[in-house]
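Geometric and topological summary
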Amino acid sequence: MSERLPRAGAIRPGLILAAVTVLCALPFYLDAFWLRIGLFSMAAAVGAVGLGLLSGTAGQLSLGHAFFLAVGAYGYVWLAGEPGPGLPTAVAAVLAVLLAGAAGGIFSPVAGRVRGIYLGVATLALVFLGHHVLLTADSVTGGFNGRSVPPLELGGFTFSADSELTLLGVPFGAEERLWYLGLALFAVTWFTARGLLRGRPGRALVALRDSETAAAVMGVNVSRYRSAAFVVSSMYAGLAGVMLALSFRRVVPDYFGLVLSVDYLAMIVIGGLGSVAGATAGAVFVTALPLLMTRYADQLPLVAAPGTTDGTVGPTEAARYLYGAAIVLILLFAPDGLHGLVRRLRARLRGRRAAPSPAGSTFPSHPPTSAVRAKEPTP
């Protein structure tokens, strides 16, 4: 028994190190298309983690996530560009995230007092209001045509293809450089979100989601924690907006509409509510699927190539049908999403190797009842 426990604990750091090594090596082997998919997926994962904290952990329905992504994206473009203050791009990125948090703070009194479908309708108004402002405030947003995105610069290093850079014989363009920036920002998001979930704020939000009355009895300030969850989620969305702007290199108002908010809800439902890993998996699935179907549309049955009008389904619509069907299947057969499904499969495999006792222990022998402890779910 004592020999198995250290080995189980030593596997996780090794897997993390292997995953980081593979991710860091990918720009040396993948072309720009696959790197762009990775960049969009990392940006979407950051935003999905924020929405997961709000909707999955705190139990607050939000349909306005696209609004806060737009605040982050356009905030960065205006603060770093011309017309605008023309601030250093690194300062502009930080201020754009804080600006999204401030926008969430302005709306947080509503989020602190309203919940459920009523909060969903209230946040839905933000999307339409934000889209109208993006179209009409030409001096700031560029109107319908949008604005080009100034490349980020850190310590004299520019995350664009303007300057030549070659590493190990591989030319590093904008995608290769942004890849490592995206990895760093996603790592910060991952560890901060998991720290929140595993700490006192996460336990308070879970108690609030399960029962407001019980949470209030335990000393949880219901309005304060609801508002705080909304502000934190808005800041994650602002960071995702900055990452998307840097990846797209041009921002247009039509991208930040209701469809984008629905996409983010699909990400956290498919991946698993209240789970950082689940939100990441859902973000990769929802983001990569339409891009892959567009790339291989001519090889897929019943899917038309982009630009054709032969009456068949386009790749974007086909992708939405597929992950819509995935949502239905998840709700029917795996309500806790992909993360819960993987967790159950791992527990089953562990149980087969360890010959678990009927009480649910994962040890090969039958320990006394006092030694059996239920496995706590991890986010």
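Residues numbered from 1 in each chain as written. Predicted model: local features only at pLDDT ≥ 70, side-chain atom pairs only at ≥ 80, totals over all residues. Heavy atoms only, no water.

Here the structure, examined in full by the defined rule, presents 2 cavities of 30 Å³ or more. Roughly 70 Å³ of volume is contained in the largest cavity. L39, M42, A43, L178, L181, G182, M243, L246 and S247 are the residues that line the largest cavity. Sorting the residues of the lining of the largest cavity by element identifies α2 (32-57), α7 (174-198) and α10 (222-248) as the ones contributing at least two each. A breakdown of the residues in the lining of the largest cavity according to their chemical character gives 7 nonpolar, 2 polar and no charged. Of the volumes computed, that of the second largest cavity is approximately 40 Å³. If you go around the second largest cavity, the residues you meet are A48, V49, G52, L53, T57, L197, G274, S275, V276 and A279. For the lining of the second largest cavity, the elements supplying multiple residues, two or more each, are α2 and α12 (276-295). Sort the elements by how many residues they give to the lining of the second largest cavity and α2 lands first, with 5 residues. (1 Å grid on protein atoms, 1.4 Å probe; cavity = no way out; pocket = protein on both sides within 12 Å on 5 of 7 lines; lining within 4 Å. Points joined across faces, edges and corners; volume = space filled by probe spheres on them. Helix = DSSP H or I, 4+ residues; strand = E, 2+ residues; numbered from the N terminus. Nonpolar A, V, L, I, M, F, W, Y, C, P; charged D, E, K, R; others polar.)

Turning our attention to helix α3 (residues 65-80). Since there are 3.6 residues in each turn of an α-helix, residues three or four apart along the chain are aligned in direction. Between its first and last C-alpha atoms α3 spans 23 Å; for 16 residues at 1.5 Å apiece the expected length is 22 Å, and the two agree. For α3, the tally of buried residues reaches 15 of 16 residues, placing the bulk of the element in the interior. (Expected span 1.5 Å × (residues − 1). Buried < 20%, exposed > 50% of the residue type's maximum accessible area, 1.4 Å probe, protein only.)

Another point: the side chain of S247. Tracing the sequence through the fold places S247 in helix α10. Taking the relative accessible area as the measure of exposure, S247 reaches 10% and is therefore buried.

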